[in-house]
Amino acid sequence: MTEISGNQCLIVTPLNEDESVDEESSRRLLDFVIDGGVHGIVVHGSTGEGFLFDTDERKAFADLVIRHVNGRVPVGFCVESAATSISVDLSKYAKKAGADYLFTTAPYRHPYKGTGIFDHFKAINDVTDLPVAIYDGGAGIELGLDLIEQISDQLPQIKYCKIFLEKPEKIAQIWTRSKGRITPWAGHDRLTYLMLCYGAYGMTSAASCVLPRENSEMFSLVKAGRIDQARQIYLSKVCPLNAMAFPNVFDFIAAYKQALCWMGVIKTATVRKPVTPLDAIMQRELHGALKFIGKL
């Protein structure tokens, strides 16, 4: 089984003005982030608005990405859904399509108890031989340490855990409670640097759509123990972007799309409803941040 590590880029899904997938911009974005040094790509996670696409659309976009990446980096396919049956169907499809790993949140909308979450993950675990990354904090659902320990004991395909919580210290807690069987990843763009300092083995990053090289270099520098250089990248490049693009969990998709549009990587900044475009103040401040870090 291939070990998945490094900077896994959570790509946006470029859209035409009618909200259909812009295939040309998608290929250009994939080349941009791969040429920028990302270590992997995640398809149709929250950043990619996968929750707004039907099952056939998600499969089609995964096909597009996997074909164009063509083995240059690993591709993770997000199989999250509120329905276990849909997650299972997408998990089966991912293997056929050639994905390298699966990525999923807990089932969302209803506040499921630990048993329901475990059963959902088990259903995915039982239909795949691909490694699975789970999402701690996705859809506002924190996975308790007792549940993580149970998962690590009984679900061998679950190898990674992305942490989207304001708790960098949970990196070490997951290592300990899973007995090293689940590898924690940094998963919050505003906290990625700190989580890497706390020992995260990998990371997922939406900001890497805009700053692929900077985030990948930051990751590599932390792993090499060159903390001063990593911090310099974080403070001078990554932090100013995310301060404007990720003030909350509502605007970041539109913000990274708008940045990529201004940079000429994708054709439009269109988002799928009910996601909304940036208002005038957000656009002004994001544009200023991109100029400040030298991207415009």
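For the structure, see preceding data.
The notes below deal with the structure included here.

Calculation notes
- Residues numbered from 1 in each chain as written.
- Predicted model: local features only at pLDDT ≥ 70, side-chain atom pairs only at ≥ 80, totals over all residues.
- Heavy atoms only, no water.
- Salt bridge = Lys/Arg side-chain N within 4 Å of Asp/Glu carboxyl O.
- Helix = DSSP H or I, 4+ residues; strand = E, 2+ residues; numbered from the N terminus.
- Buried < 20%, exposed > 50% of the residue type's maximum accessible area, 1.4 Å probe, protein only.
- Phe/Tyr/Trp six-rings, centres within 6.5 Å; stacked < 30°, edge-to-face > 60°.
- Lys NZ or Arg CZ within 6 Å of the ring centre and 35° of its normal.
- 1 Å grid on protein atoms, 1.4 Å probe; cavity = no way out; pocket = protein on both sides within 12 Å on 5 of 7 lines; lining within 4 Å.
- Points joined across faces, edges and corners; volume = space filled by probe spheres on them.
- Nonpolar A, V, L, I, M, F, W, Y, C, P; charged D, E, K, R; others polar.
- Core = buried A, V, L, I, M, F, W, Y, C linked by side-chain atoms within 4.5 Å.
- Contact = heavy atoms within 4.5 Å.
- Polar contact = N/O pair within 3.5 Å; in protein donor to acceptor, adjacent residues only side chain to side chain.
- Expected span 1.5 Å × (residues − 1).

Section: the pattern of salt bridges
No. 1: Scanning the entire structure with this criterion turns up 21 salt bridges.
No. 2: Between Glu149 and Lys179 there is a salt bridge, with its nearest N and O atoms 3.3 Å apart. With Glu149 in helix H5 (residues 145-154) and Lys179 in the loop between helix H6 (170-177) and strand E7 (183-186), this pair connects stretches of sequence that are 30 residues apart.
No. 3: Among the residues examined, Glu149 registers a relative accessible area of 24% and is labelled partly exposed.
No. 4: Across the pair Arg284 and Glu285 runs a salt bridge whose closest N-O atoms are separated by 2.7 Å.

Structural notes on unusual backbone geometry
No. 1: A cis amide bond, omega 15°, links Lys273 with the succeeding residue Pro274.
No. 2: In this structure, Asn70 takes a positive phi of about 55° despite not being glycine.
No. 3: Among the structural elements, Asn70 can be located in the loop between helix H2 (55-69) and strand E3 (75-78).
No. 4: In this structure, Lys179 takes a positive phi of about 55° despite not being glycine.

Considerations on the packing of aromatic side chains
No. 1: Enumeration according to the criterion identifies 8 aromatic pairs in this entry.
No. 2: Residues Tyr101 and Trp185 carry aromatic rings whose centres are separated by 6.0 Å and whose planes lie at 85° to one another, so their mutual orientation is edge-to-face. Within this pair, whereas Tyr101 is found in strand E4 (residues 101-104), its partner Trp185 is found in strand E7, the two being separated by 84 residues in sequence.
No. 3: Considering the side-chain rings of Tyr193 and Tyr234, the 5.0 Å spacing of their centres and the 20° angle between planes classify their relative orientation as stacked. You can see Tyr193 sitting in helix H7 (residues 192-197) and its partner Tyr234 sitting in helix H9 (residues 227-245), a full 41 residues away along the chain. Accessibility classification places Tyr193 together with Tyr234 in one group, the buried group.
No. 4: Through a chain of ring-to-ring contacts, three or more aromatic side chains come together here, namely Phe103, Tyr135, Phe164, Phe246, Phe252 and Tyr256.
No. 5: Here Arg272 stacks its cationic end above the ring of Phe53, 3.8 Å away from the centre of that ring.

Quick look at the layout of surface pockets
No. 1: Of the pockets and cavities examined, the largest pocket occupies roughly 690 Å³.
No. 2: Lining the largest pocket are 31 residues, with Ser46, Phe51, Ala139, Val249 and Phe252 sitting closest to its centre.
No. 3: For the lining of the largest pocket, the per-class residue count stands at 16 nonpolar, 11 polar and 4 charged.

Observations regarding the nonpolar core
No. 1: Ile11, Ile41, Val65, Phe121, Ile151, Leu241 and Tyr256 are the most contacted members of the largest nonpolar core, which has 95 residues in total.
No. 2: With 7 residues, the single largest contributor to this core is helix H10 (residues 252-262).
No. 3: Those residues in contact with Ile11, other than ones at most four positions away along the chain, are Leu29, Leu30, Ile41, Val42, Thr47, Gly48, Phe61, Val65 and Cys209.

Here we look at the side chain of Ser178
No. 1: Structurally, the position occupied by Ser178 is in the loop between H6 and E7.
No. 2: By relative accessible area, Ser178 is classed as buried at 0%.
No. 3: A polar contact of 3.2 Å, which involves the side chain of Ser178, links it to the backbone nitrogen of Ile182.
No. 4: Apart from residues lying up to four places away in sequence, Ser178 is in contact with Ile148 and Ser152.

Brief notes about H2
No. 1: Here H2 contains 15 residues, and its C-alpha end-to-end distance of 21 Å stays within 8% of the 21 Å for a straight helix at 1.5 Å per residue.
No. 2: Considered for burial, the residues of H2 that qualify are Arg58, Lys59, Phe61, Ala62, Asp63, Leu64, Val65, Ile66 and Val69.
No. 3: Packing partners of the buried residues in H2 comprise helix H1 (23-35), strand E2 (40-43), E3 and helix H3 (84-97).
No. 4: Sitting at the head of H2, Asp54 places a side-chain oxygen 3.1 Å from the backbone nitrogen of Asp56.
No. 5: Taken from the residues just after H2, Asn70 is the one with a positive phi, measuring 55°.

Limitation: the analysis is restricted to geometry and does not speak to function.
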